[in-house]
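Each chain, written out:
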Amino acid sequence: QRHLLGIEPLSRPEIEALLDLADEAVAISRQIEKKRSTLRGRTQINLFFEASTRTQSSFELAGKRLGADVMNMAVAASSVKKGETLIDTAMTLNAMRPDILVVRHHAAGAVSLLARKVDCSVINAGDGAHEHPTQALLDALTIRRNLGRIEGLTVAICGDILHSRVARSNILLLGKLGARVRVVGPSTLLPAGVEAMGVEVFRDMRAGLADADVVMMLRLQRERMAGAFVPSAKEYFRFFGLDQEKLSRARPGALVMHPGPMNRGVEIDTAVADGAQSLIREQVEMGVAVRMAVLEALARNLPNA
Ligand code: CP
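Fair warning: this is a prediction, and the values are worked out from it, not measured in the lab.

(A) Spatial organisation of the overall build of the protein chain. Secondary structure assignment for the protein chain yields eleven helices and nine strands. Over its C-alpha trace the protein chain gives a radius of gyration of 19 Å, about what one expects of a compact globule, namely 19 Å for 305 residues. Dimensions along the principal axes, computed over C-alpha positions, put the protein chain at roughly 55 × 45 × 35 Å. Within the protein chain, the fraction of its 305 residues that count as buried is 54%. Partitioning the contacts of the protein chain with sequence separation of at least 6, the portion at a separation of at least 24 is 74%. Of the roughly 13,100 Å² of accessible surface on the protein chain, a fraction of 52% belongs to carbon and sulfur atoms. Taking the average location of the 39 positive side-chain charges in the protein chain and that of its 34 negative ones, the two points are 2 Å from each other.

Written as structure tokens, this is what we have:
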């Protein structure tokens, strides 16, 4: 494929091939000499209209480890601030002949729209509440490396499902790989009709965590809740925050995951976030590997490759 816009269009073999490539990238990243030449002579532009720590820095490192020239577009200091539109900004960058654009935008569908306008490959680094495909891939890689499989596992995704592109991409990916997926949260933070995505829905966290192999926590996305009822941190934590007592309902040794950024004391207790079952730091390492794998896979389809 020329672009990576979401998990939805990917087949199970395509996902598994990306995870296999990412396993190789983990090995490369653990060597002293990390640099490869797969993308030598290629230009990668990271265009982030929303804040990011993990995704942007790991795409930058991934591109550099594969030998690309990587430019981070400083959107806050760009002509976007003078009213230039997404498409005009993208067409301006396109005229500089990049090979790969990595784009994050607050509007669902914006990255797909942009991909139809430009000549280069486009990677979705998160579009509104729609998809965050590389996050789901890195989560799957983390689970597969720790438990050896995805098929047949029970994964509980907990919290603000309504606003979460991470939840959506994970539901799609884990379903394609044969996991049983549960979503757990208050009614106000569950999308209408989410059952149609093939998940079990729980409004009680202890019931939702019962015998789960993996507990995936999500941040309350207050910035996407304008005008809606927002629970207080204390009240939310009491019912939907992951602490040791609620975690004890899951399978012994269940994996604890969080895509970040975390709000400690809101959706997760510090003792659990930093505890023996937590894979949160490992997820960050897998993020670089998955982004190397995606860049390498797309590089195979670049013109003259
Ligand atoms: N998980 C994730 O997308 O983190 P950032 O917003 O820091 O990129």
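(B) Structural context of the packing of aromatic side chains. Per the stated rule, a full pass over the model turns up one aromatic pair. For the ring pair Tyr236 and Phe240, a centre distance of 5.9 Å and an interplane angle of 35° mean the geometry is tilted. With Tyr236 and Phe240 both in helix H8 (residues 233-240) and four residues apart, this pair spans about one turn of that helix. For Phe240, a relative accessible area of 10% gives the class buried. The ring of Phe237 has Lys246 lying over it, and the distance from NZ or CZ to the ring centre is 5.5 Å.

(C) Inspection of the side chain of Arg165 at higher detail. Of note, Arg165 is situated in helix H6 (residues 165-176). Taking the relative accessible area as the measure of exposure, Arg165 reaches 7% and is therefore buried. Each residue touching Arg165, except ones within four places of it in the same chain, is listed here: Glu50, Arg104, His105, Gly126, Asp127, Gly128, Ala129, His130, Glu131, His132 and Arg224.

(D) Just the site of the ligand, in detail. Taken together, the neighbourhood of the ligand is formed by Ala51, Ser52, Thr53, Arg54, Thr55, Arg104, His132, Gln135, Pro259 and Gly260. Contact between the ligand and Ser52: an oxygen atom at 2.6 Å from a side-chain N or O atom of the residue. Starting from 260 Å² of accessible surface for the ligand in isolation, the protein chains cover 92%. For the shell around the ligand, the class distribution of residues is two nonpolar, six polar and two charged.

(E) Just the nonpolar core, in detail. Grouped together as the largest cluster of nonpolar side chains are 63 residues, with contacts concentrated most on Ile123, Leu137 and Ile157. Of the residues forming this core, the biggest block, ten residues, is contributed by helix H11 (residues 280-299). Filtering out sequence-adjacent residues up to four positions away, Leu137 remains in contact with Leu4, Ile7, Ile15, Leu18, Leu19, Leu173, Val290 and Val294. Val184, Met205, Val272 and Ala273 belong to the second-largest nonpolar core, a separate cluster that totals 25 residues.

(F) View of H8. All buried positions along H8 are accounted for by Tyr236, Phe237 and Phe240. The arc enclosing the buried residues of H8, seen along the axis, measures out at 100°, which places them on a common side. Exposed residues pointing more than 90 degrees away from the buried face of H8 are listed as Lys234 and Arg238. Residues of H8 that are buried in the fold lie against helix H7 (205-209), strand S8 (214-217) and helix H9 (244-247).

(G) The sheet that holds S8, seen in detail. A sheet is described by the order of its strands in space; here five strands give the open sequence S7-S6-S5-S8-S9, paired in parallel fashion. The sheet is open, and its two borders are formed by strand S7 (200-202) and strand S9 (255-257), each paired with just one other strand. When strand polarity is set aside, the average angle formed by the axes of neighbouring strands in this sheet is 20°.

(H) Fine view of the pairing of strand S4 (residues 121-127). Burial of S4 is extensive: seven of the seven residues sit out of reach of the surface. Of the crossover connections in this fold, the one passing from strand S3 (residues 100-105) over helix H4 (residues 110-115) to the parallel S4 is right-handed.

(I) Inspection of the environment of Lys64 at higher detail. With respect to the helices, strands and loops of the structure, Lys64 is situated in helix H2 (residues 54-65). Considered as a pair, Lys64 and Val256 are 192 residues apart in the sequence and their alpha carbons are 30 Å apart. With sequence-adjacent residues up to four places away left out, Lys64 is seen in contact with Lys35 and Val70.

Calculation notes
- Residues numbered from 1 in each chain as written.
- Predicted model: local features only at pLDDT ≥ 70, side-chain atom pairs only at ≥ 80, totals over all residues.
- Heavy atoms only, no water.
- Helix = DSSP H or I, 4+ residues; strand = E, 2+ residues; numbered from the N terminus.
- Rg over C-alpha atoms; globule rule 2.2 N^0.38 Å.
- Buried < 20%, exposed > 50% of the residue type's maximum accessible area, 1.4 Å probe, protein only.
- Contact = heavy atoms within 4.5 Å.
- Areas by Shrake-Rupley, 256 points an atom, 1.4 Å probe, with all protein chains shown as cover.
- Lys, Arg positive; Asp, Glu negative; His and termini not counted.
- Charge placed at Lys NZ, Arg CZ, Asp CG, Glu CD.
- Phe/Tyr/Trp six-rings, centres within 6.5 Å; stacked < 30°, edge-to-face > 60°.
- Lys NZ or Arg CZ within 6 Å of the ring centre and 35° of its normal.
- Near = heavy atom within 4 Å.
- Polar contact = N/O pair within 3.5 Å; in protein donor to acceptor, adjacent residues only side chain to side chain.
- Nonpolar A, V, L, I, M, F, W, Y, C, P; charged D, E, K, R; others polar.
- Core = buried A, V, L, I, M, F, W, Y, C linked by side-chain atoms within 4.5 Å.
- Arc of directions from axis to C-beta.
- Pairing = 2+ DSSP bridges.
- Axes fitted to C-alpha atoms, helices over the stretch in contact; angles between N-to-C directions.
- Right-handed = clockwise from strand over helix to strand, strands pointing away.

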